[in-house]
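# Observations on chain architecture
Here is how the chains run, residue by residue.
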Amino acid sequence: MIKSIEAEINNLHIGQKAEFLEIISESRVQEFAKLSGDFNPHHIDEEYAKKTKYEKRICHGMLLASFFSKLTAMYLPGQGSFYLSQTLNFVSPAFINDEVTVRGEITKISSSTGIVRVKTQIINKNNVLLVSGDAKVLIP
């Protein structure tokens, strides 16, 4: 087990980055509402949303945050890793049909514990920060 952790850790470095694009589609919002049970009218009801601060429907914050799972499991540190914790700061909303960029950067690596810390962010196409946080992930 120690050799496996050491081999994985050796393939990582502080400052290593990854990012990918996601589209906040109507179908994603509907499916997330079904999956989570969150049918808040801010997300689902166009007429209701027109009367709110943003004047249109907003994406579930936790739908955005769920992209961090893909980030840590598939990119940083990658397949086979285990999520230990994730902090979340919801800064600005995303809207239906927005294109967002999910970013991660390794900020700390512990070879003794196999724990990697990843700075996580989601921004929109205008480079506006939507969600930020810090992930703690265990190398397999």
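Here's a quick rundown of the structure. Everything quoted here is computed from the prediction, not taken from an experiment.

### Some words on the packing of aromatic side chains
As enumerated under the stated definition, the model contains two aromatic pairs in all. Lying across the ring of F95, K56 places its NZ or CZ 4.5 Å from the centre.

### Describing the pattern of salt bridges
Taken as a whole and judged by the stated rule, the model has eight salt bridges. Residue E26 pairs with R57 through a salt bridge whose shortest N-O separation is 2.9 Å. Here E26 is found in helix α2 (residues 26–36), whereas its partner R57 is found in the loop between α4 (46–50) and α5 (61–74), with 31 residues between them in sequence. According to the relative accessible area criterion, R57 is buried, its value standing at 8%. R117 serves as the salt-bridge partner of D134, at 3.0 Å between the closest nitrogen and oxygen. Taken as a pair, D134 in strand β6 (residues 129–138) and R117 in strand β5 (residues 115–124) lie far apart in primary sequence, 17 residues in all. Residue classification places D134 among the partly exposed positions, given a relative accessible area of 22%.

### Points about the environment of L138
When you line up the elements, L138 lands in strand β6. Between the C-alpha atoms of L138 and T113, which are 25 residues apart in sequence, the distance is 8.0 Å. Those residues within four positions of L138 in sequence are excluded, and the remaining contacts are S81, F82, L84, T113, G114 and I115.

### So, the pairing of β5
Examined bridge by bridge, strand β4 (residues 99–110) and β5 share 10 bridges and lie antiparallel to one another. Looking at β5, one finds that K108 is bridged to R117. Between the antiparallel neighbours β4 and β5 lie four residues, among them G114 with a positive phi of about 75 degrees. Summarising the sheet, β5 and β6 pair through nine bridges and their orientation is antiparallel.

About the cut-offs
- Per-chain numbering applies: the sequence of each chain, read as written, is numbered from 1 onward.
- Note on the predicted model: pLDDT of at least 70 is required for a residue's local features to be given, and 80 or more for side-chain atom pairs to be given and counted; whole-chain, interface and lining totals, by contrast, use all residues.
- The basis for the side-chain values is all heavy atoms of the structure; hydrogens and waters are excluded.
- Side-chain rings of Phe, Tyr and Trp, where Trp is taken by its six-membered ring, are said to pair if the distance between their centres is within 6.5 Å; with planes under 30 degrees apart they count as stacked, over 60 as edge-to-face, and otherwise as tilted.
- Two limits define a charge over a ring: the Lys NZ or Arg CZ must be within 6 Å of the ring centre, and within 35 degrees of the ring normal.
- The rule for a salt bridge is simple: a side-chain nitrogen of Lys or Arg has to be within 4 Å of a carboxyl oxygen of Asp or Glu.
- In this description a helix means any DSSP run of H or I spanning at least four residues, a strand means any run of E spanning at least two, and both kinds are numbered starting from the N terminus.
- Accessibility here uses a 1.4 Å probe with only protein chains present; expressed as a share of the type maximum, an area under 20% marks a residue as buried, one over 50% as exposed, and anything in between as partly exposed.
- Only heavy atoms matter for contacts: two residues are in contact if any of them lie within 4.5 Å across the pair.
- By definition, two strands form a pair when at least two bridges between them are found by DSSP.

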